[in-house]
Structures are given as structure tokens and as C-alpha cells.
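Spelled out, the chains give:
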Amino acid sequence: MKRFKPSRHCPPGFPADLLIEGRQMLASLPFPVELSWNDNEVFGHFDGWWLTTEFHPVADAGAPDTPPRVAARLKVHGQFGQTLSANWLFAMNFNEHKAISLLKLIRVLHLINHLGRNGPDGGLRIDVDPRLCRSLSTHLIDFTAELLGRLDLAPPLVQFLLYSDDETRDVEPELVARYRAGGHQVGLGQFGNHPDDLLRVWRLEPDFITLSPRHLHRATTYPHWRKPLLQLLPALVEQGYALGVEEISCGKVLELAQSMQARYLSGPWITRLLQETPPAPTASARQPAILTQAQA
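Residues numbered from 1 in each chain as written. Predicted model: local features only at pLDDT ≥ 70, side-chain atom pairs only at ≥ 80, totals over all residues. Heavy atoms only, no water.

Asks: So what exactly am I meant to see when it comes to the overall build of the chain here?
Replies: The helix and strand inventory of the chain stands at eleven helices and eleven strands. Here the C-alpha atoms of the chain give a radius of gyration of 20 Å, agreeing with the 19 Å that 2.2 N^0.38 yields for 296 residues. Dimensions of the chain along its principal axes, counting C-alpha atoms only, are 55 × 50 × 40 Å. Per-residue burial for the chain yields a buried fraction of 49% across its 296 residues. Carbon and sulfur atoms make up 53% of the accessible area of the chain, which totals about 14,200 Å². Mean positive and mean negative side-chain charge positions of the chain (29 and 31 charges, respectively) differ by 5 Å. (Helix = DSSP H or I, 4+ residues; strand = E, 2+ residues; numbered from the N terminus. Rg over C-alpha atoms; globule rule 2.2 N^0.38 Å. Buried < 20%, exposed > 50% of the residue type's maximum accessible area, 1.4 Å probe, protein only. Areas by Shrake-Rupley, 256 points an atom, 1.4 Å probe, with all protein chains shown as cover. Lys, Arg positive; Asp, Glu negative; His and termini not counted. Charge placed at Lys NZ, Arg CZ, Asp CG, Glu CD.)

Here you go:
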């Protein structure tokens, strides 16, 4: 595939020593993986597939004078140009050696791309599917502390958002404890998709939760769905749980998110607002005022 033809030249913003360090961190894995680059991007190669990182901004309505955090999303590409959902990887039932190698490649890929594109001072959110963190022998695998130490990236800059299902609920407490002990904020994704989500929040005490996009879309359309969310979510915010709302696609949805007292805002409409905001000479990081109304 032409897009992933390697080059000797580093892409803009990526120093050569950073890319060399990335390759060294992936050496001697039980299953071979590769970190490569060309004139435009840095990408990974795993078992015949190419992996890339895509970032989208997450505005913080509670900190309008700070740059938006970026959330890293994994993209999987095939040799014929097809793009697959990252969930496809989890359907492959990899053996333990492959799972370990894949997880470390994804971590290194996200961190290297973040440092090259966004710099060492920007905030990063990594979305975690616990299926990949748990090996076939049921122990948890995580390389975060090692990689951040080697890359000299401050742990408080990195958030983790867990996307669990019924099969991985049992590993949530250990993952939350591990990330929090490392100095990271931890969130629970897809809030509202499971009947025991309130119990999970009270048991795990995450730093933030993100509302399931399915409930957001229903609340936008149906008043009978919107009313209980406007009662429950602000109550959780009052108890100290920050709320994130994603896939904000228009001003109407943004207003709804603000009514829910959401702090973390993302989606195509948020990206557009951030791109249209002209940088001020003395406050280049300031976010649009419309994104902070919920906190006024």
C-alpha cells in the first residue's frame, strides 16, 4: 500500500532520536512488530496490518485558558486500502504473545505520535479496552509507566478512559487502581449502556465519566429520554464526577451537553469551533467562550 511505504526522512515535528527510541521500546517482543515512518506520518505494522493514530480534541469547559486535550484513536488499515474498526482486532482471539506485542505497539504508537504532533506539554487521553490488557493467563498487562518514563512524559498529562463490557468488569478495579497509582486520571466510558453503571461509578469512583452517544442521541430527540438525564447527570457532577459528552454534532447538542453540566466536550461541532477560534496574542490557548457557558 503506497501510503505506508517507509522513508528515511522523518515527518515534520518528529525528531530522529524520538523515532529511534520508539523502535527500541518495541525490540525483543514475543511477537515481531514494527514502528515505521515516511515523510508524512508514523505508523505501526502488526501481523500484516498497518496501525495509525488519529487524534480529536476534547475541550475542557472547566479550564478555558488551557489547550484542549487530545484523545487518541487507533485506526487499522489493510493491504488493499480498507480501513477497519479497532474492535476488529479483538475478534481475532490472539494468543498471549500477540496480545502483549499488540498492546505495547499501540501504546508506543499513540505516545510517539502525540509527542511528535502535539508536543510534550499537551494533554493526552488514551481509550482502553480491557480485553487487550488481560492475557489468556488472566493477568493484566500494562506498559504505561515504563513508556512514560523513557519518553519523559509527565503522568498527569495522560488520562485513561476505560471501555468495559460484561466480560471485563472484573478487571476494572485493578486497572483503575493501577492507573491512579501512576498519577493518571481515570474515566469510565459509555455510561448508561449497562444497568449497573451507577453501582460501577460508586464502586470505582472514577475521575470522570463519558455519556454513551446512544443516550445522547435519544435525549436530543425524545423529551421523555432527556428529562431523567438532566436530573441524574448534574447530580453526579455535584458529587464530584466530571462528565464528558462526545459526538457533539451541532449547537443544539452542545446546549444539551451544557445543560447536563458536562466538562469535557468533543465531536465534530467542537472541533469546528476550536478551529474557527482565532488565536489571541496573549491567550493562544483560550477556548471559545461558548464552550465555557456551562461552567459560568
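Here the narrative resumes, following the displayed structure.
Asks: Can you help me understand the side chain of E246 in this one?
Replies: For E246, the location among the structural elements is in the loop between β10 (242–245) and α10 (251–259). Using a relative accessible area of 8% as the deciding quantity, one classes E246 as buried. Reaching out from E246, the side chain makes a polar contact with the side chain of Y163 at a distance of 3.4 Å. With residues near it in sequence (within four places) discarded, E246 still touches H56, R73, R125, Y163, L216 and S266. (Polar contact = N/O pair within 3.5 Å; in protein donor to acceptor, adjacent residues only side chain to side chain. Contact = heavy atoms within 4.5 Å.)

Asks: Got a minute to help me understand the packing of aromatic side chains in this structure?
Replies: Here a ring pair, both rings aromatic, is described through the centre-centre distance and the interplanar angle of the planes. In the structure shown here, the tally under the stated rule is five aromatic pairs. For the ring pair F4 and W50, a centre distance of 5.2 Å and an interplane angle of 10 degrees mean the geometry is stacked. Linking F4 in the segment before α1 (16–25) with W50 in strand β3 (residues 49–60), this pair joins segments that are 46 residues apart in sequence. Of the residues examined, F4 reaches a relative accessible area of 3% and is grouped as buried. These aromatic residues form a ring-pair network of at least three members: F4, F43 and W50. (Phe/Tyr/Trp six-rings, centres within 6.5 Å; stacked < 30°, edge-to-face > 60°.)

Asks: Where do I start with helix α3 (residues 96–118) in this structure?
Replies: Note that an α-helix has 3.6 residues per turn; residues three or four places apart therefore point the same way. In this model, α3 (23 residues) spans 32 Å end to end at C-alpha, consistent with the 33 Å of a helix rising 1.5 Å per residue. Burial within α3 is extensive, with 19 of its 23 residues counted as buried. In the stretch just after α3, G119 is the one whose phi turns positive, near 90 degrees. (Expected span 1.5 Å × (residues − 1).)

Asks: Can you help me understand unusual backbone geometry in this one?
Replies: Comment: phi is negative for the bulk of residues other than glycine, and the bulk of peptide bonds are trans. The backbone of D152 shows a phi angle near 55 degrees, a positive value even though the residue is not glycine. A relative accessible area of 69% means that D152 is categorised as exposed. Even without being glycine, Q261 reaches a positive phi, approximately 65 degrees. Turning to its location among the elements, Q261 is positioned in the loop between α10 and β11 (264–265). Looking at Q261, the relative accessible area reads 31%, which means it is partly exposed.

Asks: Quick question: what am I supposed to make of the pairing of β3 here?
Replies: Both faces of the sheet carry side chains from a regular strand, because those side chains alternate between them. In terms of burial, β3 is largely enclosed, as eleven of its twelve residues are buried. Adjacent in sequence and paired antiparallel, strand β2 (residues 42–46) and β3 are bridged by two residues, among which D47 carries a positive phi angle near 50 degrees. Judged from the nine bridges that link them, β3 and strand β4 (residues 69–77) form a sheet pairing that is antiparallel. Paired with W50 across the bridge in β4 is H77. (Pairing = 2+ DSSP bridges.)

Asks: Sorry, what's going on with the nonpolar core here?
Replies: A general feature of soluble globular proteins is that nonpolar side chains tend to end up buried together. Among the nonpolar cores identified, the biggest contains 79 residues, and L51, I112 and L265 are the most heavily contacted of them. When sequence neighbours within four positions are dropped, the list of residues in contact with L51 reads F43, G44, F46, L74, K75, V76, L102, L105, I106 and L109. V58, F208, A242 and Y264 belong to the second largest nonpolar core, which has six residues in total. (Core = buried A, V, L, I, M, F, W, Y, C linked by side-chain atoms within 4.5 Å.)

Asks: What is the right way to read helix α11 (residues 268–276) from this model?
Replies: Inspection of α11 places I270, L273 and L274 among the buried residues, and these make up the whole buried set. Buried residues along α11 cover an arc of 95 degrees about the axis, so they all sit on one side. Among the exposed residues of α11, those oriented more than 90 degrees off its buried face are P268 and Q275. Where α11 is buried, its residues contact β3, α10 and β11. (Arc of directions from axis to C-beta.)

Asks: Explanation requested: the environment of G13 in the structure shown.
Replies: With respect to the helices, strands and loops of the structure, G13 is situated in the segment before α1. Once the C-alpha coordinates of G13 and N40 are considered, the two residues, 27 residues apart in sequence, prove to be 10 Å apart.

Asks: Just checking my understanding: could you explain the side chain of E41 for this structure?
Replies: The residue E41 is located in the loop between β1 (34–37) and β2 in this model. On the basis of relative accessible area, E41 is assigned to the buried category, the value being 11%. Engagement of the side chain of E41 in a polar contact is seen with the side chain of R3, the distance being 2.7 Å. The residues touching E41, leaving out its near neighbours within four places in the chain, are R3, F4, P11, S36 and T52.

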